[in-house]
Amino acid sequence: MAPPGGNDLAGQLAGFLREHNDELIEFRRDVHAHPEIAFSEHRTTEKIAERLTDAGLTPRLLSRGTGLWVDLGEASGPTVALRADIDALPMEDEKDVPYRSTNPEACHACGHDVHTAVVLGAGLFLASQADAGALPGRVRLIFQPAEEVAGGALEVMRDGGLNEVDRIFALHCDPRIDVGQIGLRTGPITGSCDHIQIKVSGPGGHTARPHLTVDLVYALSKIITELPAALSRRVDPRSSLSLVWGQITAGYAFNTIPDVGTAQGTIRSLDENAWHQAPDLVKALLDSVAGAYGVDAELNYKRGTPPTVNEATSIQMLHDAIDQILGEGAAVPTPQSLGGEDFSWYVESVPGALARLGTRSPGAIDEVDIHRPEFDVDERAIGYGVKVMAATTLTALWGADAH
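Residues numbered from 1 in each chain as written. Predicted model: local features only at pLDDT ≥ 70, side-chain atom pairs only at ≥ 80, totals over all residues. Heavy atoms only, no water.

**Re the sheet that holds strand β1 (residues 60-61)**
Sheet strands associate in pairs through backbone hydrogen bonding, adopting either a parallel or an antiparallel arrangement. Pairing within the open sheet is mixed, and its eight strands lie in the order β1-β2-β4-β3-β5-β16-β6-β15. Two strands lie at the open edges of the sheet, namely β1 and β15 (331-333), each paired on one side alone. (Pairing = 2+ DSSP bridges. Helix = DSSP H or I, 4+ residues; strand = E, 2+ residues; numbered from the N terminus.)

**Focus on the nonpolar core**
Counting residues in hydrophobic clusters, the biggest one holds 67 residues, and the most contacted among them are Leu52, Leu126, Leu141, Phe143, Phe169, Leu318 and Met389. Beyond its immediate sequence surroundings of up to four residues, Phe143 is in contact with Ile48, Leu52, Gly67, Leu68, Ala84, Ile86, Thr116, Val119 and Leu120. Within the second largest apolar cluster, 28 residues are counted, among which are Leu231, Ala278, Val282 and Val289. (Core = buried A, V, L, I, M, F, W, Y, C linked by side-chain atoms within 4.5 Å. Buried < 20%, exposed > 50% of the residue type's maximum accessible area, 1.4 Å probe, protein only. Contact = heavy atoms within 4.5 Å.)

**Some thoughts on the packing of aromatic side chains**
One pass over the full model with this rule turns up four aromatic pairs. Seen in terms of ring centroids, Tyr218 and Tyr293 are 5.9 Å apart; in terms of plane orientation they differ by 70 degrees. Their pairing is edge-to-face. Taken together, the residues span a long stretch of sequence, with Tyr218 in helix α5 (residues 216-232) and Tyr293 in the loop between α6 (272-292) and β13 (296-305) at a distance of 75 residues. For Tyr218, a relative accessible area of 42% translates into the label partly exposed. Aromatic pair Phe343 and Tyr346: ring centres 5.7 Å apart, planes at 65 degrees, arrangement edge-to-face. Linking Phe343 with Tyr346, this pair stays in helix α8 (residues 343-349), spanning three residues, or about one helical turn. Neither Phe343 nor Tyr346 differs from the other in exposure class; each is buried. Residue placement shows Arg303 over the ring face of Trp275; its charged tip is 4.0 Å from the ring centre. (Phe/Tyr/Trp six-rings, centres within 6.5 Å; stacked < 30°, edge-to-face > 60°. Lys NZ or Arg CZ within 6 Å of the ring centre and 35° of its normal.)

**Looking at unusual backbone geometry**
Positive phi, close to 55 degrees, is recorded for Ala146, a residue that is not glycine. Relative to the elements of secondary structure, Ala146 occurs in the loop between β4 (138-144) and α4 (152-158). Accessibility expressed as a relative area gives 0% for Ala146, which makes it buried. For Ala150, which is not glycine, the phi dihedral falls at a positive 60 degrees. Locating Ala150 in the fold gives a position in the loop between β4 and α4.

**Here we look at the environment of Gly246**
By secondary structure assignment, the location of Gly246 is in strand β10 (residues 242-250). Residues Gly246 and Gly265, 19 residues apart in the sequence, show an inter-C-alpha distance of 4.9 Å. The contact partners of Gly246, leaving out residues within four places of it in the chain, are Gln264 and Gly265.

**Notes on the environment of Ala146**
Sequence separation between Ala146 and Trp345 is 199 residues, and the spatial gap between their C-alpha atoms is 13 Å. Apart from the residues within four sequence positions on either side, Ala146 is in contact with Ala38, Phe39, Glu41, Asp87, Gly151, Gly152 and Asp342.

**Brief notes about the packing of helix α1 (residues 9-33) against helix α3 (residues 112-131)**
At a closest axis distance of 9 Å, the pairing of α1 and α3 adopts a crossing angle of 140 degrees. Like other packed secondary-structure pairs, α1 and α3 cross with a definite hand, here right-handed. Where α1 approaches α3, its residues Leu9, Gln12, Leu13, Phe16, Leu24, Phe27, Arg28, Val31 and His32 are matched on the opposing element by Asp113, Val114, Thr116, Ala117, Leu120, Gly121, Leu124, Phe125 and Gln129. Across the contact of α1 with α3, the residue classes tally to 11 nonpolar, five polar and two charged. (Axes fitted to C-alpha atoms, helices over the stretch in contact; angles between N-to-C directions. Left-handed = near helix turned anticlockwise from the far one by under 90°. Nonpolar A, V, L, I, M, F, W, Y, C, P; charged D, E, K, R; others polar.)

**Quick notes on the side chain of Ser192**
Its place among the elements puts Ser192 in strand β8 (residues 192-201). We classify Ser192 as buried; its relative accessible area is 1%. Every residue in contact with Ser192, bar those within four places of it in the chain, is listed here: Ile267, Arg268, Ser269, Trp275, Thr305, Pro306, Pro307 and Leu338.

**Points about the packing of helix α7 (residues 312-325) against helix α9 (residues 380-398)**
Viewed as axis vectors pointing N to C, α7 and α9 meet at an angle of 120 degrees, and their least axial separation amounts to 8 Å. Between α7 and α9, the angle is such that the two are oblique. Here α7 runs over α9; the crossing is right-handed. Mapping the contact onto sequence places Met317, Leu318, Asp320, Ala321, Ile322, Gln324 and Ile325 in α7 and Lys387, Val388, Met389, Ala391, Thr392, Thr395 and Ala396 in α9. (Parallel < 35°, antiparallel > 145°, perpendicular 65-115°, else oblique.)

**Description of helix α2 (residues 42-54)**
The terminal C-alpha atoms of α2 lie 18 Å apart, and with 13 residues this matches the ideal 18 Å at 1.5 Å per residue to within 8%. Within α2 the residues assigned to the buried category are Thr44, Thr45, Ile48, Ala49, Arg51 and Leu52. Each buried residue of α2 lies within a common arc of 165 degrees when the element is viewed along its axis, so the set occupies one face. Elements that come into contact with the buried residues of α2 comprise α1, β1, β2 (68-73), α3 and β4. Immediately downstream of α2, the backbone of Gly56 shows phi near 85 degrees, a positive value. (Expected span 1.5 Å × (residues − 1). Arc of directions from axis to C-beta.)

**Digging into the side chain of Lys95**
With respect to the helices and strands, the residue Lys95 is situated in the loop between β3 (79-85) and α3. Polar side-chain contacts of Lys95 include one of 2.9 Å to the side chain of His32. (Polar contact = N/O pair within 3.5 Å; in protein donor to acceptor, adjacent residues only side chain to side chain.)

**Quick notes on α7**
Here α7 is 14 residues long and its end C-alpha atoms lie 20 Å apart, about the 20 Å a rise of 1.5 Å per residue gives. Within the sequence span of α7, burial applies to Ser314, Ile315, Met317, Leu318, Ala321, Ile322 and Ile325. The arc enclosing the buried residues of α7, seen along the axis, measures out at 155 degrees, which places them on a common side. In the segment just after α7, Gly327 is the residue with positive phi, at about 100 degrees.

**Notes on the sheet that holds β10**
Read from one edge to the other, the open sheet built from four strands follows the order β10-β12-β8-β13, with strand pairing classed as antiparallel. Strands at the two margins of the open sheet, each flanked by one partner only, are β10 and β13. The average angle at which neighbouring strand axes cross in this sheet is 15 degrees, direction not considered. Two elements, β10 and strand β12 (residues 260-269), share eight bridges in a ladder whose sense is antiparallel. Looking at β12, one finds that Ile248 is bridged to Ala263. The sheet contacts of α5 involve β8, β10 and β12, and relative to β10 the element is tilted by about 170 degrees. Against the sheet, α6 makes contact with β8, β12 and β13, and its axis sits at roughly 165 degrees relative to β13, the strand it touches most.

In short, shape yes, function no, at least from these values alone.
Rendered as structure tokens:
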């Protein structure tokens with residue numbers, strides 16, 4: 001079902017962006033120049049709250065002090081939420097641009113500044129629709145802290161930010177997709193991400209006499225090579241369960257067998273069942289390998305996020321809105337990623353979908369991936385994101401009864 005006057009939605013959005021596009025780009029640049037890492041997003045939160053308040057809305061600050069959510073429209077109808085993450089990464093900004101980070105060891109290298117500007121813009125447009133009586137329900141704008149440490153979504157949910165929400169949507173910047181295109185995928189779109197640490201110990205000794213002690217470095221090397229291989233043979237290969245080490249330490253002298261060694265890494269999967277099975281499976285395999293080489297092994301398994309699984313109806317709503325506002329062909333397939341995303345916690349609780357916002361300038365030769373200190377976007381993506389988020393929200397609200 002389309003909203004009344006839906007054929008003019010494209011014109012209304014175009015008119016809104018003619019008035020507000022420069023403001024949204026400037027807002028994004030201001031946030032980019034003043035990045036704040038997880039649970040430190042005080043200035044960013046204040047800026048968002050000020051703009052929402054100026055629009056006549058009443059934002060609600062999260063109890064921990066950063067991040068907020070705000071409702072607009074009537075609570076008598078369905079509630080659709082739009083989520084933006086607002087935190088930056090702990091790295092230096094290496095771009096030569098006027099809006100380069102002014103905060104040491106903080107950089108918006110994942111596009112959260114763009115997500116923030118997009119949801120803010122979509123919210124301002126939808127607020128004008130509510131004022132005109134053209135919003136058949138309620139919209140909740142969620143500006144979430146701490147996505148990069150996978151804690152912000154749970155913070156929002158603990159504070160009631162997902163209560164009474166019927167459906168939720170989000171966009172994430174993708175430098176592999178051209179500006180003007182939106183990547184869609186039904187089912188898993190991001191993977192789970194867990195952190196594991198293994199500590200092995202045994203009596204140390206001289207490298208001349210490994211037979212009189214436990215050759216701990218050799219045992220650790222067996223664990224770090226055999227564990228990923230064994231793990232991949234114990235689960236359905238379609239789950240893409242992957243263990244990759246990022247840090248290994250052992251020893252302090254070339255001729256001494258150490259008594260302690262550690263290894264840290266991540267376990268990622270695209271399958272929720274495999275994610276649930278992983279801790280027990282890793283523990284059993286670790287005990288088996290460690291026992292074969294006579295070392296004691298401790299496992300510290302830290303849960304991160306489950307896979308983000310896009311619900312089919314929500315993806316269809318996105319597709320319909322994109323076709324209406326951007327034209328056929330603007331919605332493109334996007335592959336699964338093993339990257340983690342705590343939007344997954346929301347869609348475990350309510351139907352929803354995460355889409356990929358194209359940020360690459362068409363024809364660009366160089367492709368700078370996210371989480372790199374020189375990452376930047378084609379800022380035309382902000383306007384496209386506003387159009388898609390606003391149109392999708394209206395599609396979801398007006399089509400709630402039909403679905």
